[in-house]
Amino acid sequence: MAAITENEAKILLEFRKRIADMELRKIQEHDMFLITWLRAREYNLKKAEEMFRKSQEWRKVNDIVNLFKNWIPPEEYVSKFSFKFCGYDTDASPVIFVRVGRWDVRKVIEAGERDLYLKYLQYIGSTILHQVEEMIYAKDKFISQFIVIMDMQGYLFRQLASIPTVETHLEAVREFESNYPETLKACYIININKLFSTIFNIVKPLLHARTISKIHACDSNVEKWKAYLQKNIPTIDMKILCGELNGDMEITVIQPGQKRTFDFDITQNSTTLSWDFLTENHDIGFGIIFHSVNLNNEGEVEILASDRKVGGKQHTNSILCTNLGKCRSI
């Protein structure tokens, strides 16, 4: 984060007078912490004070400082909505990896767990905040920012097709912008697909211009985003990161001229069949064949997908199976 300028220092003195009645933690009394609220409100003292007081109340009501240790999230959330610390950059800012593309948020929202999901996001924020503060004491210097790597691999349109799900994410964005100004050092979004521009256009109006400038999007070309991340975060072990990316994937070697098939039974109408795979070195043919078992068209075969996939890219998509039967991917 940029150092405090001479003009900022003068405004900061006035800001301290305005909030002198508040009980703050030692870390919150630091100039680098307080200046973020002024920058977030373009140095408008009245607006910065209002934002700061509201945020302090929000942190108190939700016990943000202690949430990471006092609240145990549901096991399902921990496993399905996972996040991981994967090191630090050269300034000792923590780097967090989040597999957003595989978060089926719609499922929990439609199950009536909106508030629980938002609390889980607060839990993640509390955990990151604790990690940052740990580095302050370890390095004996003020650290206020973190880096996040968001993996969009596997993100499906069904998430965007749910208005309550979109509204919940917008609420989470508003909460972040209102309570964690200037804490995001950089956000690297990898493996984006065609849906990303739609998602970003929905969220963009809620983001401060400074936040937008810190967002860097990379497509599914693995070698390109690996090189980009290595350039900007040279301290990160890419083997660890890529191991996390492929942690639940099966690695299959298909020789030229050979093929690999996977069969799936469609036992319910309107079943969504999705695929998510990476081709490393060469192009590969990919297709989905549907065998119907409906009484009126027994044995009918339909080609649902057929395409040549380019090597070195992530391939993610889905189809809706409206009839019962068996699908085979080739």
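Residues numbered from 1 in each chain as written. Predicted model: local features only at pLDDT ≥ 70, side-chain atom pairs only at ≥ 80, totals over all residues. Heavy atoms only, no water.

Caption draft 1: Region of interest: helix 1 (residues 6-18). An ideal rise of 1.5 Å per residue puts 18 Å on 13 residues; helix 1 measures up with 19 Å between its terminal C-alpha atoms. Within helix 1, the full set of buried residues consists of Glu-8, Leu-12 and Phe-15. Here the buried residues of helix 1 occupy an arc of 60 degrees about the axis, which is enough to place them on one side. Of the exposed residues in helix 1, the ones pointing more than 90 degrees away from its buried face are Glu-6, Asn-7, Lys-10, Leu-13 and Lys-17. (Helix = DSSP H or I, 4+ residues; strand = E, 2+ residues; numbered from the N terminus. Expected span 1.5 Å × (residues − 1). Buried < 20%, exposed > 50% of the residue type's maximum accessible area, 1.4 Å probe, protein only. Arc of directions from axis to C-beta.)

Caption draft 2: The sheet that holds strand 4 (residues 184-190), seen in detail. The strand order across the open sheet built from five strands is 1-2-3-4-5, with neighbouring strands paired in mixed fashion. Each edge of the sheet is formed by a strand with only one pairing partner; in this case those strands are strand 1 (83-88) and strand 5 (215-217). The average angle at which neighbouring strand axes cross in this sheet is 20 degrees, direction not considered. Two strands pair when backbone bridges link them, and strand 3 (residues 146-151) and strand 4 are joined in this way by six bridges, in the parallel orientation. Pairing of Phe-146 across the sheet is with Leu-184, part of strand 4. (Pairing = 2+ DSSP bridges. Axes fitted to C-alpha atoms, helices over the stretch in contact; angles between N-to-C directions.)

Caption draft 3: Focus on the pairing of strand 3. With five of six residues buried, strand 3 lies mostly within the body of the structure. Here four bridges tie strand 2 (residues 94-98) to strand 3, and the two strands are oriented parallel to one another. By the bridge assignment for strand 3, Val-95 is matched with Ile-147.

Caption draft 4: Up close: the pairing of strand 4. Summarising burial for strand 4: six of the seven residues are buried, a large majority. The pairing of strand 4 with strand 5 spans three bridges and is classified as parallel. Note that in strand 5 the partner of Ile-189 across the bridge is Ala-217.

Caption draft 5: Region of the structure containing the pattern of salt bridges. Applying the stated criterion across every chain, the model contains 16 salt bridges. Taking the shortest distance from any N to any O, the salt bridge between Glu-171 and Arg-174 comes out at 3.5 Å. In this pair, Glu-171 and Arg-174 are both assigned in helix 9 (residues 163-179), three residues apart and thus about one turn of the helix distant. One continuous salt-bridge network, built from bridges that share partners, spans Arg-18, Asp-21, Glu-49 and Arg-53. (Salt bridge = Lys/Arg side-chain N within 4 Å of Asp/Glu carboxyl O.)

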